[in-house]
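The residues making up each chain are set out below.
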Amino acid sequence: MNGLNRIFLLGRLGNDPQMYTSSKGQMYTALSLATDRVYGDKEEGKKTKTTDWHYVRVWGKQAHSCAKFLS
């Protein structure tokens, strides 16, 4: 499968998932996921925490499960 990347994200939901219907009639669930990164400055000894937001679309049977069980 050329051009396909698979990633695994572990984080927190930013809001409740929302189900939508595409223009072709397929159901999908949209959700936002927050992941944190913590890194430090060796010279000053300070740690910095940043949050990255990922906007996710889930299609097919998993879309219904995400909308039902995640909140």
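Residues numbered from 1 in each chain as written. Predicted model: local features only at pLDDT ≥ 70, side-chain atom pairs only at ≥ 80, totals over all residues. Heavy atoms only, no water.

1. Let's talk about the overall build of the chain
As a reminder of what qualifies: Helix numbers and strand numbers start at the N terminus; a helix is a DSSP run of H or I with at least 4 residues, a strand a run of E with at least 2. Here the radius of gyration uses the C-alpha set of atoms, whereas the globule reference equals 2.2 Å times the residue count to the power 0.38. We call a residue buried when its accessible area falls under 20% of the maximum for its residue type, exposed when it is over 50%, and partly exposed in between, using a 1.4 Å probe and counting protein chains only. In this analysis, two residues are considered to be in contact whenever any of their non-hydrogen atoms come within 4.5 Å of each other.
Per the secondary structure count, the chain includes one helix and four strands. Secondary structure of the chain in N-to-C order comes out as β-β-β-β-α. Here the C-alpha radius of gyration of the chain, 17 Å, is well above what a compact globule of 71 residues would show, namely 11 Å. For the chain, the C-alpha atoms occupy an extent of roughly 55 × 35 × 20 Å along the three principal directions. For the chain, with 71 residues in total, the buried portion stands at 18%. If you take every contact in the chain between residues at least 6 apart in sequence, the share linking residues at least 24 apart comes to 41%.

2. A look at the pattern of salt bridges
To be explicit about the condition: The rule for a salt bridge is simple: a side-chain nitrogen of Lys or Arg has to be within 4 Å of a carboxyl oxygen of Asp or Glu.
Across all of its chains, the model carries four salt bridges by this definition. Across the salt bridge formed by R37 and D52, the nearest N and O atoms sit 2.9 Å from each other. Remark: D52 occurs in strand β4 (residues 47-59) and R37 occurs in strand β3 (residues 27-40); sequence separation between them is 15 residues. Across the salt bridge formed by E44 and K46, the nearest N and O atoms sit 3.6 Å from each other. Three or more residues joined by partner-sharing salt bridges are found here, namely R12, D36 and K49.

3. Let's talk about the side chain of S32
Note the threshold: In the analysis that follows, any N or O atom pair within 3.5 Å is treated as a polar contact, provided that within protein one partner can donate a hydrogen and the other can accept it, and provided that, for residues neighboring in sequence, both atoms belong to side chains.
The topology assignment puts S32 in strand β3. For S32, a relative accessible area of 9% translates into the label buried. At 3.3 Å, the side chain of S32 and the side chain of N15 are in polar contact. If sequence neighbours within four positions are ignored, S32 has contacts with R12, L13, G14, N15, W53, H54 and Y55.

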